[in-house]
Every structure is written in C-alpha cells, then in structure tokens.
Amino acid sequence: MPHEHLSTIVVVGHGMVGQRFLEALAERGAAGRTRVVVLCEEPRPAYDRVRLTSYFTGTTPDELGLVPADFMRRNAIELHIGDPAESIDRAARTVTARSGRTFPYDTLVLATGSFPFVPPVPGKDLPGCFVYRTIEDLLAVEAYAKTATTGTVVGGGLLGLEAAGALSGLGLDTHIVEFAPRLMPAQVDEGGGAALLRTIENMGLTVHTGVGTREITADDDGHVRGMTLSDSSHLSTDLVIFSAGVRPRDQLARDCGLAVGERGGIVVDAQCRTSDPAVFAIGECALAADGRVYGLVAPGYDMAETVADTIVDTGERAFTGADLSTKLKLLGVDVASFGDAHGTAEGCLDVVYSDSRSGVYKKLVVSRDGVLLGGVLVGDADAYGMLRPLTGHVPPVAPEQLVLPAGLGGPALLGPESLPDDAVICSCHNVTKGAISACSSLPEAKQRTKAGTGCGSCVKTIGTLLPRSGDGGLCGCFARTRQELYEIALALRISSFTELLDGHGRPAARGGEGCEICKPAVASILAGLGNGHILDGEQAALQDTNDHFLANLQRNGSYSVVPRIPGGEITPDKLIVIGEVARDFGLYTKITGGQRIDLFGARVEQLPAIWARLVESGFESGHAYGKSLRTVKSCVGQTWCRYGVQDSARMAIDLELRYRGLRSPHKLKSAVSGCARECAEARSKDFGVIATAGGWNLYVGGNGGASPRHADLLVQDLTDDELVRLIDRFLMFYIRTADRLERTSVWLERIEGGLAHVRDVVVDDSLGICAELEALMAAHVAGYRDEWAETLDDPERLARFVSFVNAPGAPDPSIRFVPERGQIKPELPLLTLGATR
Amino acid sequence: MTTVQLRLEQGWFTVCATARLAPGRGVAALLPDGRQAAVFTDRRGRTYAIDNRDPFTGAYVLSRGLLGSTPEGRPYVASPLLKHRFDLETGVCLDDETQTVQTYLTGRSSWF
Ligand SMILES: Cc1cc2nc3c(=O)[nH]c(=O)nc-3n(C[C@H](O)[C@H](O)[C@H](O)COP(=O)(O)OP(=O)(O)OC[C@H]3O[C@@H](n4cnc5c(N)ncnc54)[C@H](O)[C@@H]3O)c2cc1C
Ligand code: SF4
Ligand code: FES
C-alpha cells in the first residue's frame, strides 16, 4: 500500500467523542495528510448518546446519527464498523482487531467510553435485566417491555431517572430504587432532592430511597419476577434496568501496560497523552490531569479538540478540567445543577427559594464577596441559561432576586445583555457570548460555533443574543417592525400579504414567498383590520396550521377542539352535548385552566362533523387555536357568593362575547373576580377585572405560565360602560403597537414610558387616537361571525378538511391511540421506524 | 384541467387536480405503498413534494407547514410542530443539516 509516507492515526472507539475527534481532524485539514483508521465496536457509526432516550418518543436510530452523509468518504477516513480493537502492541505500534486484522499506527487515540456498572447481586444476569447505554440496549428493553407490566430502575441518578421516564412512557408501572437518601445525589442537595421526589411521585412513579438491591429473583422459567431489597422487603417486577453509574473502559490500556488510575480510567496529562507519548485517551475512558473521570459529553469534546490541536497543529491547547453543569428535563420536571452546586467552597453562602406545593426548589451558592459559584434548580430551570454563564461573576442584581419568581419581586428574567462577553453560553461546545454575538442568525451560529448542537438547552438564550434579523425588522422578509407594518396596512388600506411584501418587503424578499414568521404576523394584522374570514382567499395560505384548520395541532398530528364557554358558565344540557360529542368521537377530554373543556385526538377529517354537532347545539369556536381572546374566566360573584360585591359572572360573559374572535399579536386571557378575594385570579391575566363596592378595578399586563407577572392597576372604581370603553382602547392600542408574539406583560415593560404612558394614551387620550381605537373595536364587534358556523356552510372551505387530498375519506394511519385511565392517548410513533425510507 | 403528479419508482402517480393546491400551502397524499407525501405549490405555480414525516417529531405533518423562501430564493416548508425548515428542492433541513427528508420529482399533466 502506498501509505508509507503518510503518518497513521488509529482511533479506537467511534462514540460521541471519537466522532468529534475525527471532525476536529477534518477541520484542521489533517485528512489529506494522514491516514486515519477507526475501529468501531457497535454495529453502527457514532450517534447521539445524549439524546438516546428520544428514541422512545419517535426519533429513529438513523436520526440520532452524528456522522454527516459523506463525511468518511470526503475525508478519506477508514471506518471499520463492528470490528473492535482486541489488543495493542505498543512496541510494534500496532492494534489488532477482532477480525484478526492488524493496523500499524504512529499515533493511537483511545476513545472507548464507559460501560454501565452492574452491582454484583445474585440474579443480575437473568433474562429481563438490562443496562441503558446503547441503541441496542434500548431496542432490547423495548422488545422485552411488551410482555412486562412492572419495571424497576436500580439507581436514581441522572441516567436512572431518564431510564425510568422511558419505562413509564412504555406503559410500565415504574419503580426507582436508589441507595442514597435522595434522588440525583450527585447533582442536587437535600432540598432539591425532596422537591424532585414529590414531583416524580406525583407523576405516578414509585421511589424507594435509602435501600439497596440484595437479589434479583426469578420465576419458574428463569425470568425476572422481582427483587429483594436491602431492608429485606420484596418488590415484584418483570424488568430491571441497572443504572448504577458507569466505569471507564480501560481494559485495552491495562492489558498493554498503560498507566490507569486506582479506581479506573486511563491516566492522561493536560494534552490527553497517556503514559506512552504515542497514545492518547479522550472522553469517558480518560482519567484527566485534574484527577477526574468526566461522564459528560462536553469535557470529552474539549479533550478531542485538545488532542487534534496537539497532534496536528502542535497547538497550545490543554484540557485541565471542566464545568459539570447539567440541565435536563426528566419526565417533564426541569432539573439543573451547575458550578459548585453543593457549596463546598470555603465560607460560601446559600440563597434558597423553595415552594413545596409546586415542587419548585432553587438554590444559589455565592461567595462572601458576591460571586455566583453555582446552584441547583428543580421544578423551574428557566433561569439556567442565564445563571450558568454568570457563574464566576458578580451578578448585576441581588442573588435573592435571581431565585424569586417574577411575581414575588424577582426580575423578569435577567436579559442576556447583562452577561459579560466571555460568559460561556453553550457549555456543550464551550462557546462564549462574544462568539455567538458575532453571528447573525441561529443557523449561522450553529454552523460556525457548534453552539446549540449538543443538548440544546442553550438555544433559547442564543436566540436572545442574536440580532433580531440584524436591524429590528420583523424577519428576513421585512425590515420593518410589526407596528410599522400595521400602520402601513392601516394607512394604505392594504389587504393582502403579497401586496405588502412586494411593496414594502426587503428588496431580496419581494416577489418571494415570505416566511413562517411574517405570514402569520401579517395575517393577524390584516385580520385585526377587519379583512374578512381567515379561511378566505390568500389569507388562508398565511395562517399557521392551527388557524388553517380552526383547531390545535397536537404532537401526533391530531387536533384538539375547544368550544367557547363564555365566562365558564354552561347549562347542564350543553355540558351533556359536549360529553356526547366527546364520547361519540372517542376524544380525550380535559377541563382547562381557563374554565373550558378541551377535546383531544380529532383527525382533520373529523373536525367538520364534530363541529356540526357542536354548532347545532349552540356552541361556537373558542378560538383556542388563534392568537386571539381565549377565555374570560370568572367566579360566581355576588349572585351566589356571600362575599361578592358585583355580578362577576355576567361581566365575564359580556366581555368574552364582546372580544371573542379578536386577532392580536399573541393570545389574550382575561378574568373577572366578584370581590377582592380574587378567586378568578384576574391579576394573572392580560386584562383582569376585580369588583369593588364602587364598581370595577381594571388591571392590565398580567401573566401566568412560565414568566408570571402580576397585572398593574390601570384605573379604579369604573362603571360598566367605563370599564368596557377602557378595555376597548387598551386592547386596540396593544394590537397596534405590540411586536409579533409579544404578550401584554412584555409589551408593557418594553414600550417607552411603560404603564404611565399606556394610561396617558388610553385614559387621558394624550395621542388623540382614542376615538379611532374605539371605532376599530366597534367594527370588530359588529363584524364578528362564528368561524366554524361559516366554515360549515361553505363547501369550498370544507374541502380542505381531509387527511389526504387523493383519498378524502381515508384516515391518517399514522395517528393511533392507546388507552390510558379510561381515555385515549397518542401512541408514540415507535412503529414508524425506518418508514421514511 | 391539469393534475399534479409525483414521480415514483413505478412511474408517474396522479395526486390531485392542480386547483386543489393553494399557493403557499400544502396537501398530503397517500402513496400506493402507504407512504405519505407532502405536496406544495408556490406563488409562481411551481410544485414540490417531500416526505410528509417530520423527522424531529415522527409526526406526519409537514404538509401542514407554511411555505417560505430564503433571501437566496430557496423555497422551504417550516414544520408546524417545532418549526424546523426543510428545503423543498433538496429535502435538507435548513436548521440541522444532518436531517434530510426524501424529495419527489413533480410534474403536471392534462387530464382528458
Ligand atoms: C441515556 C444517556 C443519557 C445521557 N445524557 C447526557 C447528558 O444529558 N449530558 C451529557 O453531557 N452527557 C450525557 N450522557 C453521557 C454521554 O453520552 C457520554 O459522556 C458520551 O457519550 C461520552 O462519549 P465517549 O465517546 O467518551 O463514549 P461513548 O459515546 O460511550 O463511545 C465509546 C465507544 O467506544 C466503543 N468501544 C469501546 N471499546 C472499544 C474497542 N475496544 N474497540 C472499538 N470500539 C470500542 C463503544 O462501543 C462506544 O461506541 C448520557 C449518556 C446516556 C447513556
Ligand atoms: S372572588 Fe369574591 S365573589 Fe368571587 S367567589 Fe371569590 S370570594 Fe366570592
Ligand atoms: S449547552 Fe448543550 S447545546 Fe449548548
């Protein structure tokens, strides 16, 4: 072979870090100059182990793949799949693989990862016992789970909880056995563990902490049937997953005499060189220069880059340690820990916020001089993206403000402007704010810096760092803001998207298609200006799918249906109709937080029939699908309640009927309470009304959800008419001036002058536009028609409600359901594997 | 009246009358082997077809996404679920190049 003049690099292990190393070589142009041979033990090339569990929610093994299509060929890398290295001869500088082939090397890189540790308990090898590390492991668990009803995960750490979530998702009654006194002992402290435990138990999982596994017991045919715990109690289970930690795969290195640590791991220096200068070790198999074995992917990537630098560029790069931050969403609970989470630094202080009712626990560790050292977040990890980069710096506000929820004096999350340029935003790829800010779009940032392509937890923060399409424009098609476009459409009486795009879009975008950002935004502007039915003509093509089908798209491609129930008041007869419709169409039925009933699981072609029944019984669209008024929630008020001072239910109904169907920059929610006890939670709404002895108080700009904000009092003691007039003006002013997808709470904080300015405009008419605002609202009220009733009367509109254009009656076979708690739930698309090819 | 057709291994497959396609939107078609295609037409009347399955969620929903074009004029559809964009000519995901969906050749023919 004509290879003599080339130096040869052999890589053992094609996992996440091995692949990253190959990419690092390619990026440094090493491919043409060196021969690169990769020995891969698994039956497939490298894949995203971090996202392994997403296999159970429909991600196919191919989609988990990390290797771009022709990467190996383009870089002339020899990849030997399913052929692991079996021995290394360091004197001869060769590696021998299982196939018997021997590969000479000049440089050897070991990237063999870890193996799951299985405690030496009797019965650990019975059929029904598994580990959770590779795609093959998951395929085996999935197949076995079909015959199982109960599953148990041994180990309540990060991976154990992930595995438990997967078992529970497979429909098994799931237990977690953890030896330590709390879940995730390595990441969270006692308080965090308690919050986590409560939340996980509420989800129907059973947790046993402070006990070990003594023995796995079998049934007569030798399959797992249960386990005996260290307290001698017995747990019956059909399937066991061991997730009791991992151990570095250092056997190859041991066998050829390389130095390994006392507790495992191939000893390396800051350049990741082993005790033999021709051999490097990277990733989970390495015992790094700081004496630790890292079980996370980011430090492994860092090591890969270090070795590539060292052997190609003889660079200065070194790996001396890494941050152990993690954020994960387990079973729908947010958990994050970062920096010195356990507060081990001398003299450091804890700042703790804990709400056991909602399962939220947040702790920050700060040094005496105010530097943020680390923290633990359970139940609400939204702030993680901001807090992690602040670690090592003095935060711009008091630490207690960083843990309090926004409504309780905490800041509306700290803006990324407050971060220093060298703050690390993406810890998977070690990318700083400075590097991200230099990019102009998310795809560009991902491509140039790799930020956001690991665990993905930083993507939200990255978005806020990027220039908004460079110049404050709405999107790549329009250099103007939503407010400017509203004014243009209003002044020039523009009624179509193409007219607006071709006349007022960016030069390059004129004549184009527009994009998924401006189309719905412009549709909402045009609808707000009273331009007919949203399913008509060109407007139909602008709506996102929810508006297009007048229903809410759910994760499996089915839709949910929400009839309007003004004020939450409903007659028994109408309630029965909803029940009958749900029963007849087999829909999953749930009461919403907004005092309505949501019916899930309808296929597109069922929507007209469902609505025919509802409309016939006097229901109309609830607009749950639109950026428009959702509900006006109410309490029963004076009529029934002994504390009530006004008829809050009647007012709620009046307001809901007045503003139903109103299109706005984002959804609008409202509520009316009959006295100051506030049972309807009006102050968490975009506009909330609270009865007083003298009339009504109007509050605006409230929000619940992820970033709660209490509404501010706009005006007190209003009469019915005054109240309605003020809300008319307030809503129209908001619709006119807000950005796309900007809730009133954010709008109120953003616009210059804030609440005082809004009060000037809508109460004192400082801009002289109140008459116009009122006229626009009057036009909306007069022009309101029920979208569903109109759709049912129009054969042309009805024609689009089919799953398949060429088979109008056929249901979509990919939408399937399985029973759960007496109703249906979507069947996860496990069976669609490979169906695309 | 003209129809929209897709090129399958076995030959051209008729999906629907051209008039059923609204510019800027898609429809789903059931193919003879049970696969699903998402078929679109743009402002200029060009037609495109890609696999209907969104690889990020596993749901068959790409036909219900919104059409757009990049500043360079490349047509794409944005998935209605998590908004990943797919180039209609190559099937490559514009937000994550490792993901690609299958594309189909499209054509029109007169119906007699
Ligand atoms: C379910 C799960 C969830 C995770 N979640 C996270 C997370 O949220 N965040 C995070 O940072 N990390 C997470 N991790 C850990 C992360 O996956 C690892 O840190 C990362 O994969 C380490 O990469 P590696 O290349 O060192 O090892 P691996 O990815 O394990 O790759 C090593 C490869 O080497 C192969 N190999 C071993 N011996 C040989 C041999 N003799 N010859 C040839 N090939 C060999 C193995 O088969 C394997 O394919 C998770 C892991 C799992 C299992
Ligand atoms: S808000 Fe007041 S009136 Fe309404 S239910 Fe509560 S206590 Fe009664
Ligand atoms: S932090 Fe994981 S991808 Fe950025």
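A short tour of the structure in this document, coming up.

Definitions and limits used
- As a convention, each chain's residues are numbered from 1 in the sequence order in which they are written.
- Note on labels: chains are lettered from A, ligands numbered from 1, in written order.
- With the structure being a predicted model, the display of local features is reserved for residues of pLDDT at least 70 and the display and counting of side-chain atom pairs for 80 or more, all residues being used for whole-chain, interface and lining totals.
- Side-chain figures throughout are based on the complete set of non-hydrogen atoms in the structure, without hydrogens or water.
- Near, as used in this document, describes a residue that has one of its heavy atoms within 4 Å of the molecule or strand being considered.
- Residues are sorted three ways: Asp, Glu, Lys and Arg are charged, Ala, Val, Leu, Ile, Met, Phe, Trp, Tyr, Cys and Pro are nonpolar, and all the rest, Gly among them, are polar.
- Pairs of strands are assigned from DSSP output, requiring at least two bridges between the strands.
- Put simply, DSSP marks the helices as runs of H or I at least four residues long and the strands as runs of E at least two long, and each gets a number from the N terminus on.
- Residues are treated as being in contact if the distance between any of their heavy atoms lies within 4.5 Å.
- Only C-alpha atoms enter the line fits that serve as axes; for helices the fit covers just the stretch in contact. Angles between N-to-C directions range over 0 to 180 degrees.
- Each polar contact in these results corresponds to two N or O atoms within 3.5 Å; when the atoms are within protein, one needs to be able to donate a hydrogen and the other to accept it, and residues that are neighboring in sequence are counted only if both atoms are side-chain atoms.
- With residues, only the protein chains shown are counted as cover, and all accessible areas are computed by Shrake-Rupley using a 1.4 Å probe.
- Partly exposed describes any residue whose relative accessible area lies between the buried limit of under 20% and the exposed limit of over 50%, with all areas from a 1.4 Å probe on protein chains only and scaled to the type maximum.
- Picture the helix axis, draw a direction to every C-beta atom, and the arc is the one those directions span.
- By nonpolar core is meant a set of buried Ala, Val, Leu, Ile, Met, Phe, Trp, Tyr and Cys residues that side-chain atoms within 4.5 Å join together.
- The aromatic pairing rule takes the rings of Phe, Tyr and Trp, using the six-membered ring of Trp, and pairs them if the centres are within 6.5 Å, calling planes under 30 degrees apart stacked, those over 60 edge-to-face and the rest tilted.
- Criterion for a charge above a ring: Arg CZ or Lys NZ at most 6 Å from the ring centre, at most 35 degrees from the ring normal.
- Buried area is calculated as the accessible area (1.4 Å probe) missing from two parts once they are joined, with the contributions of both summed.
- Every case where a carboxyl oxygen of Asp or Glu lies within 4 Å of a side-chain nitrogen of Lys or Arg is listed as a salt bridge.

## Some points on the site of ligand 2
Thinking step 1. Taken together, A:C635, A:G637, A:C641, A:Y643, A:G644, A:G674, A:C675, A:R677, A:E678 and A:C679 make up the full set of residues adjacent to ligand 2.
Thinking step 2. Of the residues belonging to the shell around ligand 2, the class tally is five nonpolar, three polar and two charged.

## Some thoughts on the sheet that holds strand 28 (residues 552-553) of chain A
All names here are of chain A.
Thinking step 1. Spatially, the four strands line up as an open sheet ordered 28-29-31-30, and their pairing is antiparallel. Taken across any chain shown, the strands that pair with only one partner, and hence form the sheet edges, are strand 28 and strand 30 (588-591).
Thinking step 2. In the sheet, strand 29 (residues 559-561) pairs with strand 31 (residues 597-602) via three bridges, with the strands oriented antiparallel. Looking across to strand 31, one finds that V561 is bridged to L599.
Thinking step 3. Contacts from helix 19 (residues 607-616) reach strand 29 and strand 31 within the one sheet, and its direction differs from that of strand 29 by about 5 degrees.

## A short note on the site of ligand 1
Residue and element names in this part refer to chain A.
Thinking step 1. In the vicinity of ligand 1 there are 27 residues, among which V17, E41, E42, R133 and E284 approach most closely.
Thinking step 2. A distance of 2.6 Å is found between an oxygen atom of ligand 1 and a side-chain nitrogen or oxygen belonging to E41.
Thinking step 3. Interatomic distance of 2.8 Å between a side-chain N/O atom of R49 and an oxygen atom of ligand 1.
Thinking step 4. Protein contact buries 94% of the 990 Å² of open area that ligand 1 shows by itself.
Thinking step 5. At the level of secondary structure, the elements contributing two or more residues to the shell around ligand 1 comprise helix 1 (16-27) and helix 5 (158-169).
Thinking step 6. Broken down by element, the residue count for the shell around ligand 1 peaks at three residues, all from helix 1.
Thinking step 7. Grouping the amino acids of the shell around ligand 1 by side-chain chemistry returns 13 nonpolar, seven polar and seven charged.

## A closer look at the pairing of strand 24 (residues 360-366) of chain A
All names here are of chain A.
Thinking step 1. Counted residue by residue, strand 24 has seven buried out of seven residues, so it is predominantly covered.
Thinking step 2. The alternating pattern of strand 24 places V360, K362, L364 and V366 and Y361, K363 and V365 on opposite faces, both of which are buried.
Thinking step 3. Strand direction decides the pairing type here: strand 23 (residues 349-355) and strand 24, joined by seven bridges, are antiparallel. Its bridge partner being in strand 24, D355 is matched across the sheet by V360.
Thinking step 4. Relative to strand 25 (residues 372-378), strand 24 runs antiparallel, the two being bridged by six bridges. Residue pairing in the sheet places K362 in a bridge with L377 of strand 25.
Thinking step 5. The hairpin turn running from strand 24 into strand 25, its antiparallel successor, is five residues long, and G370 in that turn takes a positive phi close to 90 degrees.

## Overview of helix 14 (residues 482-492) of chain A
Residues and elements named next belong to chain A.
Thinking step 1. When helix 14 is considered as a whole, its buried residues turn out to be R482, L485, Y486, I488 and A489. Across the axial projection of helix 14, the buried residues extend over an arc of 165 degrees, all falling on one side.
Thinking step 2. Next to the buried residues of helix 14 lie helix 15 (497-504), helix 16 (518-528), helix 21 (720-737) and helix 24 (770-783).

## Structural notes on the nonpolar core
Residue and element names in this part refer to chain A.
Thinking step 1. Judged by nonpolar contacts, the single largest core of 62 residues is most densely connected at F478, L698, I727, L731 and W747.
Thinking step 2. It is helix 21 that contributes the most residues to this core, nine residues altogether.
Thinking step 3. Those residues in contact with I727, other than ones at most four positions away along the chain, are L655, Y659, F687, V689 and L698.
Thinking step 4. Ranked by size, the runner-up nonpolar core spans 53 residues in total, among them L25, V37, A111 and V297.

## Structural notes on the environment of A:L657
Thinking step 1. Relative to the helices and strands, A:L657 is located in helix 20 (residues 648-659).
Thinking step 2. Each C-alpha atom of the pair A:L657 and A:Y784 lies 9.6 Å from the other, and the pair is 127 residues apart in sequence.

## Here's the deal with the packing of aromatic side chains
All names here are of chain A.
Thinking step 1. Following the criterion strictly, the structure yields 14 aromatic pairs over all chains and no others.
Thinking step 2. With 6.3 Å between their ring centres and 75 degrees between their planes, F478 and F497 make a pair best called edge-to-face. With F478 in the loop between helix 13 (459-465) and helix 14 and F497 in helix 15, this residue pair connects regions lying 19 residues apart in the sequence. Residue F478 shares its accessibility class with F497, and that shared class is buried.
Thinking step 3. For the cation-ring pair, R247 lies above F117, with the distance from its terminal atom to the ring centre recorded as 4.1 Å.

## Considering the interface of chain B and chain A
Thinking step 1. Each partner contributes residues to the interface: chain B has 42 residues there, and chain A has 48 residues.
Thinking step 2. Sorting the residues of chain B by area buried against chain A places B:R25, B:R43 and B:R64 first, and these three jointly supply 21% of that buried surface.
Thinking step 3. There are two salt bridges connecting chain B and chain A.
Thinking step 4. Between A:D502 and B:R43 there is a salt bridge, and its shortest N-O distance comes to 2.5 Å.
Thinking step 5. Our count for the contact surface shared by chain B and chain A stands at 17 residue pairs in polar contact (both at pLDDT 80 or more).
Thinking step 6. Looking at the side of chain B that touches chain A, the elements that each hand over two or more residues are strand 2 (11-17), strand 3 (26-30), strand 6 (66-69) and strand 7 (75-78) of chain B.
Thinking step 7. Across the side of chain B that touches chain A, the residue classes tally to 21 nonpolar, nine polar and twelve charged.

## Observations concerning the environment of A:L713
Residue and element names in this part refer to chain A.
Thinking step 1. As for its position among the elements, L713 is in strand 36 (residues 712-718).
Thinking step 2. In this structure the C-alpha to C-alpha distance between L713 and G702, which are eleven residues apart in sequence, comes to 9.9 Å.
Thinking step 3. The residues contacting L713, other than those within four sequence positions of it, are N697, L698, Y699, L755 and R759.

Treat this as a map of the structure, not an account of what it does.
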